[in-house]
Amino acid sequence: MAMVSDADKPETAKRGQYATLLDPALWAHIDRVNAWYPPDMDLPVDKQRAVYDAMCRAFHAGYPAVVETSDGTVAASGHAIPIRRYQLAGKAPQAMVVYYHGGGFVLGGLDSHDDICAEICAGTGFAVLSADYRLAPEHLHPAAFDDALAVFEWAASTSGLPIVLCGESAGGNLAAGVAHAARRHPRPAIGQVLIYPELGGDKSAGSYVEHAEAPLLTLSDIEFYRQVRSGKAQSPDDPTFSPLRDTDFSGLPPTVIVSAQCDPLSSDGEAYRDRILAAGGRAWWYEEPRLVHSFLRARKTVPRAGEAFTRIVAAIATLGKGDWL
């Protein structure tokens, strides 16, 4: 009997359980992403970054007219961390969002999530401070975490505004790591919003198993990024590397975690919420149905993703106003 390759299979067969679970608009988005950055593309990191940056430019949705930006740096030990600040023209913000972009700790920067930050600013009225932390493999852990913490500490020391930490994917890991490390800071964050975060959960259970081959992020992708980020002596129990491995979840700010149903990382959000609640804190976990990892980039073309983004912006606004304290 002749073997049938994946390329020869009907499209619905190649898509497996997701063929009907995900709607056509989302599949159109997934196909558009994969046309830029195919899942099986094997390129050196610098070429991966060039492709990713080009894709991000193609997806850039522009700025709301009311948003102004300025670039700067935060001085750190031996280097400067680039930052970008977003603010509504002519309006004093009530709070500041410190935002950490996604990209597996390997990809991305100030430009990759630029329009998302601008829309968070417009939707909340808050200032947004985006951090361009150092990337692996040139800079192994804890370089990205150290930069993320340095940007938060700089923001806390130079602005009197209440701070909401926010990050997506790898950036969600960094936001949570900062929340844990800075919970006893003189001016700790008043909230954190984590968007499909990677928190170092149990890879043998839950969504890691059920959605190991999900579109746009697979279990093997997660393992690759973890390995690239870590040095040979990296301990999996380091909470600055894997926040779920912390032994103390007390004293954390009110936390909202938003996951995608069809994402290996979804169980991380549920587990993190449960740890905070068990420690007496406040946390809410929302699993957005029939969405995939990195759905923020689909917010303009996939109604389900746009609605989820609206809820995320509303959660940031609520935490920034202290309504859940």
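Conventions and cut-offs
- Residues numbered from 1 in each chain as written.
- Predicted model: local features only at pLDDT ≥ 70, side-chain atom pairs only at ≥ 80, totals over all residues.
- Heavy atoms only, no water.
- Phe/Tyr/Trp six-rings, centres within 6.5 Å; stacked < 30°, edge-to-face > 60°.
- Buried < 20%, exposed > 50% of the residue type's maximum accessible area, 1.4 Å probe, protein only.
- Lys NZ or Arg CZ within 6 Å of the ring centre and 35° of its normal.
- 1 Å grid on protein atoms, 1.4 Å probe; cavity = no way out; pocket = protein on both sides within 12 Å on 5 of 7 lines; lining within 4 Å.
- Points joined across faces, edges and corners; volume = space filled by probe spheres on them.
- Nonpolar A, V, L, I, M, F, W, Y, C, P; charged D, E, K, R; others polar.
- Helix = DSSP H or I, 4+ residues; strand = E, 2+ residues; numbered from the N terminus.

**A word on the packing of aromatic side chains**
Part 1 of the reasoning: Here the structure, examined in full by the defined rule, presents 4 aromatic pairs.
Part 2 of the reasoning: Note on F224 and Y225: the rings are 5.3 Å apart at their centroids and 65° apart in plane angle, and the pair reads as edge-to-face.
Part 3 of the reasoning: Using a relative accessible area of 35% as the deciding quantity, one classes F224 as partly exposed.
Part 4 of the reasoning: Exposure remark for Y225: the relative accessible area of 18% places this residue in the buried category.
Part 5 of the reasoning: Over the ring of F59 we find R32, and its NZ or CZ is 3.9 Å from the ring centre.
Part 6 of the reasoning: Sitting over the face of the ring of F309, R299 holds its NZ or CZ atom 5.6 Å from the ring centroid.

**Here's the deal with empty space enclosed by the protein**
Part 1 of the reasoning: Applying the stated criterion to the full structure yields 1 cavity of 30 Å³ or more.
Part 2 of the reasoning: Each residue belonging to the lining of the largest cavity can be placed in one class, and the counts come to 8 nonpolar, 2 polar and 2 charged.

**Here's the deal with unusual backbone geometry**
Across residues other than glycine, the phi torsion is negative in most instances, and most of the peptide bonds are trans.
Part 1 of the reasoning: Following A136, the chain continues into P137 via a peptide bond in cis, with omega recorded as 5°.
Part 2 of the reasoning: By secondary structure assignment, the location of P137 is in the loop between β4 (127–131) and α6 (143–158).
Part 3 of the reasoning: Looking along the chain, the bond that leaves H141 and enters P142 is cis, with omega of 15°.
Part 4 of the reasoning: Here P142 is to be found in the loop between β4 and α6.
Part 5 of the reasoning: Its identity as a non-glycine residue notwithstanding, S169 has a phi of 60°, on the positive side.
Part 6 of the reasoning: Mapping S169 onto the fold places it in the loop between β5 (163–168) and α7 (170–181).
Part 7 of the reasoning: Under the relative-accessibility criterion, S169 is labelled buried at 11%.
Part 8 of the reasoning: Phi at L216 takes a positive value of approximately 75°, unusual for a residue other than glycine.
Part 9 of the reasoning: Examined against the element boundaries, L216 turns out to sit in the loop between α8 (207–210) and α9 (219–229).

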